[in-house]
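# Examination of the molecular architecture
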Amino acid sequence: MKTHLIEMFHFNMDANIKLVSTIRAIPDNQEMLLHLSHLANCQYKWLGRIISLPEADAKSWWEPVYTPDVLVEELQRSTQHWLDYLNHRTEETLEDFITFQRGTAGQGQASLKDIALQLIFHSFHHRAQIQTMIREKGITPEGIDYIRSRITKKGES
């Protein structure tokens, strides 16, 4: 599972950055930038719930909204924090339950594995929303499918 999670974080980062490249040239792209910024902010916020990550407290789930250049850096940085964290964990500790504050809703608890999977699945959700926004602008978005990324990496067509 650890290797799979690390691979998925790499995939998510690559797919998110690919979307930044696509939306960079689209006029009126603020809502798209909002959703992609949200993904970087979520990675900071969730890791901040697990470990002491000073920059996590300064961010909300939805703000700041980054410019395309800064967004690429934030996606890389927030992902790298997760990769570093996961690389120092064992398979067994992925099942550890983390207790965290859920804003005003009180405390919650989830396994480290489930938190990581939540971030990955949440990214798929928002990328699909952004792909729809791109299509609504009359543009055919570039493919960011998981299987397409796996085929490309293996050198197949």
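Preceding block: the structure.
Residues numbered from 1 in each chain as written. Predicted model: local features only at pLDDT ≥ 70, side-chain atom pairs only at ≥ 80, totals over all residues. Heavy atoms only, no water.

### Concerning the overall build of the chain
Within the chain, the secondary structure is distributed over 6 helices and 2 strands. Going from the N terminus to the C terminus, the chain shows its helices and strands as α-α-α-α-β-β-α-α. Relative to its full complement of 157 residues, the chain shows a buried share of 46%. Of the contacts formed within the chain by residues at least 6 apart in sequence, a portion of 68% connects residues at least 24 apart. (Helix = DSSP H or I, 4+ residues; strand = E, 2+ residues; numbered from the N terminus. Buried < 20%, exposed > 50% of the residue type's maximum accessible area, 1.4 Å probe, protein only. Contact = heavy atoms within 4.5 Å.)

### With respect to the packing of helix 1 (residues 2–23) against helix 2 (residues 30–50)
Following both chains from N to C, one finds helix 1 and helix 2 inclined at 155°, their axes separated by 10 Å at the closest point. Considered as vectors, helix 1 and helix 2 are oriented roughly antiparallel to each other. In this structure, helix 1 meets helix 2 at a crossing whose hand is left-handed. Contacts between helix 1 and helix 2 involve F9, N16, L19, V20 and I23 on the former and, on the latter, M32, L33, L36, L39 and Q43. Of the residues that constitute the contact of helix 1 with helix 2, the class distribution is 8 nonpolar, 2 polar and no charged. (Axes fitted to C-alpha atoms, helices over the stretch in contact; angles between N-to-C directions. Parallel < 35°, antiparallel > 145°, perpendicular 65-115°, else oblique. Left-handed = near helix turned anticlockwise from the far one by under 90°. Nonpolar A, V, L, I, M, F, W, Y, C, P; charged D, E, K, R; others polar.)

### Quick word on the side chain of N16
Here N16 is to be found in helix 1. Look at N16 and you get buried, because its relative accessible area is 3%. The residues contacting N16, other than those within four sequence positions of it, are L36, L39, L75, S123 and R127.

### Side note on the environment of L94
Counting through the fold element by element, L94 comes out in the loop between helix 4 (68–87) and strand 1 (97–101). Taking the C-alpha atoms as reference, L94 lies 9.1 Å from A116; in sequence the two are 22 residues apart. If we ignore the near neighbours within four places in the chain, the residues touching L94 are M1, K2, L5, L86, S111, L112 and K113.

### What about the pairing of strand 1?
Because side chains alternate across strand 1, one face comprises the buried residues I98 and F100, and the other comprises F97, T99 and Q101, none of which is buried. In this sheet, strand 2 (residues 107–111) lies alongside strand 1 in antiparallel orientation, the contact comprising 5 bridges. Following the sheet pairing, Q101 is matched in strand 2 by Q107. (Pairing = 2+ DSSP bridges.)

### Brief notes about the pattern of salt bridges
This model, assessed by the stated rule, comprises 5 salt bridges. We note a salt bridge from R24 to D69, for which the minimum N-O separation is 2.7 Å. Linking R24 in the loop between helix 1 and helix 2 with D69 in helix 4, this pair joins segments that are 45 residues apart in sequence. Among the ionic pairs, E74 bridges to R77, the shortest N-O distance being 2.8 Å. With E74 and R77 both in helix 4 and 3 residues apart, this pair spans about one turn of that helix. (Salt bridge = Lys/Arg side-chain N within 4 Å of Asp/Glu carboxyl O.)

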